Structures are given as C-alpha cells and as structure tokens.
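# Structural features, examined
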Amino acid sequence: MRISLNWLRELVEIKLSPEELAETLTMAGFEVEEIEDRRTWANGVVVGKVLERQPHPNADKLSVCQVDIGTGETLNIVCGAANVKADIYVPVATTGTYLPNIDLKIKPAKLRGVPSQGMICSLKELGLPTDVDGIHIFTQENLPLGSDVRPLLGLDDVILDLTATANRADALSMVGVAREVAALTGGKLSISEPDEVSIPKNAGNLALKIADTQACPAYIGTVIEQVKIAPSPEWLQQRLRAAGVRPISNVVDITNYVLLEWGQPLHAFDCDRLQSLASSENLSIGVRFATAGESLKTLDGQTRTLSTQNLLITANEKPVALAGVMGGEETEVHQGTQRLVLEAALFDSVAIRRSSRSAGLRSEASGRYERGVNRAELEIANRRALSLISELASGILVQQEIADTRPDKSTWSHSIALRLDRVNQILGPIDLGEDTGELQEQDVERILTALGCQLTPSGEDSTHQRTWSVSVPPYRYRDLEREIDLIEEIARLYGYNKFCDTLPEKAEAGYLPLDEELIRNLRAFLRAEGLTELIHYSLVKPGEDRGIVLTNPLFVEYSALRTDLISGLIDAFQYNLEQGNGALNGFEIGQIFWREEDGLQETEALAGIVGGDRTLGKWAKSGREQPLTWFEAKGILESVFRQLGLEIEFQPDRRDDRLHPGRTASLWIRGNRLGIFGQVHPQLRREKGLPDSVYVFQLDLDVLLDSLGQDEILVPTFGSYSTYPASDRDIAFFAPVKISVAEIQKVITKAGKDLLESVELFDEYRGENVKEGQRSLAFRLVYRASDRTLTEAEVEPVHNKVREALVEKFGVNLRS
C-alpha cells in the first residue's frame, strides 16, 4: 500500500524523517519497499505568469513567451506547447533546475536563434499523470509569483510503499497505519470519527434481501438523490494519485478515498439504472450465490460466466455486481447519474476468496475482504462516505436500509490471559548495555496500551509473576487471538534488535539419523546396479481404487494422490521410449496414499523398473535385442539385498492384475510382507508399446528400514573361515512345478543343520521323460566343518536326512 506522509501527518503526529520512519516500520514487520520522495521532482519549479505570447520567427510550432516569476525581471522562454497563451499561471523550471523524471537540467539555450531562459512545464515532465497534451495551467487565480509549485501539485510529499503481512488486515488503511505509527513512535493520534448523518425515517423504494447471512453478515444500502457528478476537488485527486489510484469522478473517488482511509470497500450504483434493469421502481437489493451459467459484465468490460462459488449482488434477483470484487458495467455511475444507491457491506473472507479465484479477478476491494474487513467500523466508513457525498456532490440522503446479523457488540472485543514469566520465557533476556535483564511489568503495559489494548491485572501466578487480562481492540480481533500473539506484539514494538543473541554453549558434531543413513546406502546400492533415481509428482489423475481426490485441485490431471509408484514408473518408461531415449532403468523413493475404512493412510515406498537390453556392443549380436530374463531382473534385487545383508523370501503372487500371473512374486522378510516383484502383463505391455520383458518392483520402505535397523544387520558379527576342505554332494529329483525352489531350499537347509554350508540349484529340466506338472531339479550341497575334515561316515547320515526330509515334506521322486 502506498502511504502519503502528508495524509498520514493529518492522522498521527510524526517527528521522524521519512527514512527513519521507514526503518522503524520495517523493523516492526512492515516492509517498506520504496521511498518515493516527490519533493525532488519539482525542486526549483515556481509559479509564473505568461504576460505575452508571440509566434517564433523561425518555427511554426514554437512560441516566444514573456514570463514573470516575481523576481522583477521578465524571462524570455521558448515554448512548444499548443495551449500556451497570455494571462495564465504556469509552472516554470528556472535555470539550474534538475527535473529527475525526464533527466533534464535546465540551462540557458537558444532555440532556432531565440534565447530561452527556462522551461514552462507539463505535468508529465514533473512526474504526474495527465490527459492534457501540453503545459499545465493552474486554475487558481492571483497566485503569488515565484512561489513553490509543489504544494499546489501535491509534490511536497513523500510516499512510502508499504507491504503488510497477511495477518494484518487492519494495516491496509491509512487509519490502521496511523495507529501503528502512534504505537511505534508515541505520536499523538488525530483520528476523528465522522458526525452522524441525518436520514429521513420515511419508507422508500429500497428493500434488502440477504439470502446467505453467513457470506454477508451486514449490509447497509443508502439512497441518495440530486447528486451532481463532477471532477473531485484537487486535494482529493492528489491523495488518490499519491496512492496510485486514478481519479474518475467525485462519487467514485469518494468510495476509493474511504477505502484507502478506513479499509472499508464501498460501491455506488446508479439508482435509475438499477430500477431499469430490475424493471421496477421498487428495488430489492439481494446477496446470494450465483447459479451455474449466469453471466455478468463487470466494470472492466469483461462478460464473465459465473459459477456457484461467485457471490452476487442482485437487483430484484438480477445480477448487478460481483460481491466484494467488482461492480457491474450496466449499473455503474456515469456523468448523467442523479440518484445513487451506496453499498457498505461485510462479506465473509472465504466466500470472497473463492469467488475472486473462480472469476479470475482480483481488486483492491477483494484483497481487503480476503484478509478480513473490520466489522466494528463499518458504520463509521459509511458515514464518512455519506458526508463527503453530501459535501462534494450535493447529494441528499433519502433512505437507508440495514441488514445486520453480526454478533452482539459486547463480543467484538475479547480478553486474553497474559503471563509476564511466559513473555520472558519466550523472548529471552534483553540487552541493557553492559548487563542483561528481563521485560518488566511497565514495559508490557506500555506497549499493549499503545496498541489499543486494555490491561486489567489479574493477580500473580504460582511463581509470583504478574498476570493480566488483556482486552483486544475490535479492529485487531482477527490476528490477536492467543497469548502468543500478544507476546509477538510485545517483541515487535519493543524491538527485535534489543533482545540478546543466545547460542548453544558448546557446538556438537552433526550426524545423520539412522533411517536417513540407511536410505542413502540403499540409494547407492541401487545406483551401483545401473538404476537411475527418478522423481515424479505425487498428484495423478483420479480413478484409482481407494484413491484420495483433492477438493481444490489446480488441474484435473493432478486432482488425486497416487496410491502406488509403479504406474508412474511404467508411464515414464513409455515416455522415454517414445522420445527415443531407449529403455528406462530407474528407481523412485516417495510417498503413496490410500483410503481405508478408518481414514486416510500414507507411507513411504521404494519402487523400480528395468527392461530392454542392458548390454552394450550390439554389433557382436548382429544388432539383435536380448531382453532381460525374469531371473536376471530378480538378480538385480537380490544383489542389493545381499549387499544390505538381508535374506528375502520370494513367493508366487497373482494379486496385481498389471503383472504377469505366472511371473510375479511377493517378497517376505522374517514373516512380514516387504513388497512385490514381477513382469509387466503382456496385455499392458502391448497397450503401452513396451519391450518384450519389463519388470517392476515396489517395496514398503518402513518394513525394509525396520529390518535393516536390527542389531545383527547394523553390526554384523565376524564368522571365521574354515581351513578344512568341503565335501560336495549332488541331489536330483522330480518335484511338482507348484513347489517353489525357495521352499525346497528352506527344507534342505533345516535338515542339513550345522554341517551344511551352502545349497545351490544348478539344473532344471522339463520335457521328455518328465511327467506333466513335474520338473527335474538338481542341487549341489556343500558340507564343511570348521574344526576338522569331514569323513564319509559323518556326511552320509546328514545327506540322507536331507533326502528323507524332501520325500516326507514334498513327496519328491529321487533320481540319485
């Protein structure tokens, strides 16, 4: 918000320079982004009177003027403006004057052979906006010649470009900033409330119909007649320009002025146009939400199709304005307006935020309603606008209707318990020069009283520290809600720089949490296997089972949370193929989300995808692709698990219809399901245009980290090597296909007990001489002892136990 210091000085006493005030506000949390010193724009420009104007002898478009600036000497000035003439008062830049807006220093010069001793200025040359193409002509009469033009043009001012934090809705007004300056500097406030206005009690043609009182807690509509639309007085236009607002007409300017002064948005309707649009002399002004498909042409000339989130002002149910955002073009005030309906209302911040966003339209009014307009000063702002319209537009107030569902005024100011020891506990010691200390009772009382709070001592707490009951002023009810809010205000006004800097007594070396260290190792092992780490959005298209749909998505394509990582990896694989990048071998660690009966769930998962021909040098294979086999892809995972020191069990699985039913396994660790691994289903592979064999896996990261966090994994024990030779035995048998090798290995290991060192499958055969539904398997068993060379008498009984266990457990048909 642009703050005019001239305007601010009328509301609060200011003893600081503009730079000091900007520093004070910035340190208190109000960032001053720019100081615009307008006093430099016309330094050296004075009032002059054109005594005589003659055409230039050597140029058709130039004039030679005799100008009196009150020094007793007439200046000869060459001017190129078409509107220059005799007997007018004009701004004159004298010799030596620097005009920063056009980067020009005035020097004595000759123009087409005629000497010129200065320059008659236009408003643009002085940095002011104007519609006049030519020099500026003062409308005042008998101006003192040679006097400074800056007070006449509003250039004796400094503008602070102030940014308030989102919680300080009260600071979006001159009155709010004045209160803040008074609290910071101790300056005296001079905020005067407007006098009561006289409105006849007679019934009129205006009625109010508020359909949604939650979205519009209060609405004041006032009918004003015999209005004379004209330009605003110069003082009002100057204040609006200083705030960055373009003057339009007296009525519109007054609504903008009150918006800047009190932070209360207002809107003026042309009453005759309202009646014409409503097709009735009896007006019923309503507030309701739009129905889908309704349209409204707003003041910016855009016809907007409305949704059910748009809050409307209506005249006999016909839309005339977007409530709290922008008025409608059909009912705007114009040069021929004679009757007004002035709207002063409170709208719910959430309703206006949604309406503004839905329409794609923001305004000064909506920005204030979104943050929260002061409900306690609605009537004050309305009276201020009505008195100015009566004064500047000759308006006569004929009727006023009020719809008010605000809570009782006694509830507008609430109380907060504040403890002195809590203040010092949160803020810490203060710097007293050579020593440190704590905030005292008088410091707290002085600061909060300056903010408009009323403090009532409520005794002492258990530590014999002072406590207060603090009554918050109505205009701060939105951001002062708890004790911590009051403590923040105390720190802000006392000065953050006055508190001591405290550091830990002794710095300690940093370290990674165990989970983070394990995840880093896991990433390194996966990269070592040739997988690239991928990152996808956690937002996906809706439609997945148990999916969670967002209520406020940015796009339809990103309107739900992902329930797994595999789908995103398959899409990424497809995209890379389509872009000519070849097969994508990668992994991703990320959050997944799903819905269950007891609520929403979230966990972290690890997933990966591999496929295509991973070898180099295809010339050696005549350019033929050699896609990964199921066991090669499985070997990548097993290699990672082996490096992590984990023993994983693979079991057949058919639960995921995206995966091949005969080439999918669930992964288990110590009886806990870890995840899934399998080949992409042929049908899905064809739909996506993927290579012959693509494999995916997804693991529950929490289960994996829990297993890695076991002491025997974190601190592995050393096992000594045997210096004695091993004894190998092979065992071959026919076994049903439905029995997995993992189950067979588990039985062999259990039967072999301590003597069995390793088990390895080295042959599988299906075909001729093997019954259907069976397969021939051959294992190599290695027996070894750490303290002796095993004899045949020791190995054979153990090996026979293994054979017997296989026959008993699985009914295998031994071949050897």
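Our structure is the block above this text.
Along each chain, the written sequence defines residue order, and numbers are assigned to residues from 1. Since the coordinates come from a predicted model, pLDDT governs what is reported: local features require at least 70, and pairs of side-chain atoms require 80 or more to be given and counted, while whole-chain, interface and lining totals use all residues. Each side-chain value is worked out from all heavy atoms of the structure, with water and hydrogens disregarded.

Glancing now at the packing of helix α4 (residues 174-185) against helix α6 (residues 250-262). Axis geometry follows a simple rule: fit a line to the C-alpha atoms, using only the stretch in contact for helices, then measure angles between N-to-C directions, giving values from 0 to 180 degrees. The way it works is that DSSP assigns letters per residue, a run of H or I at least four long becomes a helix, a run of E at least two long becomes a strand, and they are numbered from the N terminus. For the pair α4 and α6, interaxial distance at closest approach is 4 Å and the crossing angle is 25°. By the angle between their axes, α4 is roughly parallel relative to α6. Packed against α4, whose contacting residues are M174, V175 and R179, the element α6 presents L260, E261 and W262 at the interface. Under the convention adopted here, Pro, Cys and the residues Ala, Val, Leu, Ile, Met, Phe, Trp and Tyr are nonpolar, Asp, Glu, Lys and Arg are charged, and Gly plus all remaining residues are polar. Among the residues making up the contact of α4 with α6, the classes are represented as four nonpolar, no polar and two charged. To sort the angles, those under 35 degrees are grouped as roughly parallel, those over 145 as roughly antiparallel, those from 65 to 115 as roughly perpendicular, and the leftovers as oblique. Here, two residues are considered to be in contact whenever any of their heavy atoms come within 4.5 Å of each other.

Nine residue types can take part in a nonpolar core, namely buried Ala, Val, Leu, Ile, Met, Phe, Trp, Tyr and Cys, and a core is a set of them joined through side-chain atoms within 4.5 Å. The buried label applies to any residue whose accessible area, calculated with a 1.4 Å probe on protein chains only, is under 20% of its type's maximum; exposed applies above 50%, and partly exposed to all values in between. By size, the foremost hydrophobic cluster in this structure holds 118 residues, and its most contacted members are L8, I313, F347, L418 and L448. Here this core takes eight residues from α4, the largest share from any one element. Residues within four places of I313 in sequence aside, it is in contact with Y219, F269, I285, G286, V287, K318, P319, V320, A321, A323, E343 and F347. Ranked by size, the runner-up nonpolar core spans 34 residues in total, among them L667, L674, L699 and L701.

A separate point is the side chain of Q264. When you line up the elements, Q264 lands in the loop between α6 and β15 (266-270). Polar contact is defined as a pair of N or O atoms within 3.5 Å, subject to the rule that within protein one atom must be able to donate a hydrogen and the other to accept it, and that residues adjacent in sequence are counted only when both atoms are side-chain atoms. There is a polar contact of 2.9 Å between the side chain of Q264 and the backbone oxygen of A345. If near-sequence neighbours (up to four positions away) are discounted, Q264 is found in contact with V258, L259, A345, L346, Y369, V373, N374, L378 and A381.

For the rest of this paragraph, the subject is the pattern of salt bridges. When their charged atoms lie close together, side chains carrying opposite charge are able to pair. The working definition used for a salt bridge is a side-chain nitrogen of Lys or Arg within 4 Å of a carboxyl oxygen of Asp or Glu. Summed over the entire model, instances satisfying the criterion amount to 54 salt bridges. A salt bridge links R523 to E533, with the nearest nitrogen and oxygen atoms 2.8 Å apart. Within this pair, whereas R523 is found in helix α14 (residues 514-528), its partner E533 is found in strand β29 (residues 532-533), the two being separated by ten residues in sequence. Assessed through its relative accessible area of 29%, E533 is described here as partly exposed. Connected via shared salt-bridge partners are R168, D170, E180, R476, D479, E489 and R492.

A word on the pairing of strand β22 (residues 340-346). In terms of burial, β22 is a largely internal element, seven of the seven residues being buried. Pairing between strand β14 (residues 218-225) and β22: seven bridges, direction antiparallel. Paired with T222 across the strands is L342, a residue of β22. Any two strands between which DSSP finds at least two bridges are classified as paired. Judged from the five bridges that link them, β15 and β22 form a sheet pairing that is antiparallel. Bridge pairing in β22 places F269 opposite V341.

If you check which residues of helix α12 (residues 441-450) are buried, you get D443, V444, I447 and L448. Angular distribution of buried residues about the axis of α12 spans 110°; they occupy a single face of the element. Positioned one or two residues after α12, G452 has a phi angle of 95°, which is positive. Along the arc lie the directions from the helix axis toward the C-beta atoms.

Where α6 meets helix α10 (residues 378-392), the axes come as close as 10 Å, and the angle between the chain directions of the two elements is 150°. One element, α6, and the other, α10, form an angle in the roughly antiparallel class. In the packing of α6 onto α10, the handedness of the crossing is right-handed. For the pair α6 and α10, the contacting residues are N250, I254, Y257, V258, E261 and W262 in the first and I380, A381, R384, A385, L388, I389 and L392 in the second. The class makeup of the residues in the contact of α6 with α10 is ten nonpolar, one polar and two charged. Left-handed is the label given to a crossing in which the near helix is rotated counterclockwise from the far helix by less than a right angle, and right-handed is the label when the rotation is clockwise.

In space, the seven strands of this open sheet follow the order β29-β33-β34-β38-β37-β36-β35, with mixed pairing throughout. Only two strands of the sheet have a single partner each, and these edge strands are β29 and β35 (649-652). Relative to strand β34 (residues 599-611), strand β33 (residues 586-596) runs antiparallel, the two being bridged by eleven bridges. Paired with W594 across the bridge in β34 is Q601.

What follows concerns the sheet that holds strand β24 (residues 415-419). One open sheet accounts for three strands, arranged β24-β28-β27; its pairing is antiparallel. Each edge of the sheet is formed by a strand with only one pairing partner; in this case those strands are β24 and β27 (454-460). Taken over all neighbouring pairs, the strand axes of this sheet differ in orientation by 25° on average, direction set aside. Sheet topology note: the β27/strand β28 (residues 466-471) ladder contains five bridges and is antiparallel. In the strand pairing of β28, T456 is matched with S469. Contacts between helix α13 (residues 483-494) and the sheet are confined to β24 and β28, with β24 contributing the most and set at about 65° to the helix.

Here we take up helix α8 (residues 349-359). Among the residues of α8, those classed as buried are S349, A351, I352, S355, S356 and A359. Relative to the axis of α8, the buried residues are bounded by an arc of 160° and lie together on one face. Within α8, the exposed residues directed more than 90 degrees away from the buried face are R354 and R357. Against β16 (283-289), β18 (303-305), β19 (311-315), β20 (318-322) and α9 (364-371) lie the buried residues of α8.

Along the polypeptide, L388 turns up in helix α10. In this structure, the C-alpha to C-alpha distance between L388 and V251, residues 137 residues apart in sequence, is 8.7 Å. Those residues in contact with L388 that lie beyond four places of it in its chain are I254, Y257, V258 and A393.

With a 1 Å grid laid over protein atoms only, a set of points is called a cavity when a 1.4 Å probe fits there but cannot get out and a pocket when it is open yet has protein on both sides within 12 Å along at least five of seven lines; lining residues have an atom within 4 Å of a point. Grid points are joined across faces, edges and corners, and a volume is the space filled by probe spheres set on the points. By the definition in use, this model includes three cavities of 30 Å³ or more. Estimates place the volume of the largest cavity at around 130 Å³. At the level of elements, α4 and α9 are the ones that each hand at least two residues to the lining of the largest cavity. No other element matches the three residues that α4 contributes to the lining of the largest cavity. Estimates place the volume of the second largest cavity at around 80 Å³. As for the second largest cavity, its lining consists of N167, R168, A169, D170, G372, V373, N374, Y475, Y477, R478 and D479.

Hairpin connection from β33 to β34: two residues lie between these consecutive antiparallel strands. Of the strand pairs in this sheet, β34 and strand β38 (residues 694-700) are connected by seven bridges, and their pairing is antiparallel. Paired with A607 across the two strands is Q698, which belongs to β38.

The next subject is unusual backbone geometry. One non-glycine residue, D103, lies in positive phi territory at about 50°. Along the chain, D103 falls in the loop between β7 (98-99) and β8 (104-105).

Considered as a void within the structure, the largest pocket measures approximately 2000 Å³ in volume. Looking at the largest pocket, it is lined by 45 residues, and the ones nearest its centre are K634, E638, F650, A742 and Q745. At the level of elements, α16 (630-644), β35, β36 (659-669), α20 (741-752), β40 (756-765) and β41 (774-783) are the ones that each hand at least two residues to the lining of the largest pocket. Of the residues contributing to the lining of the largest pocket, the split by class is 20 nonpolar, nine polar and 16 charged.

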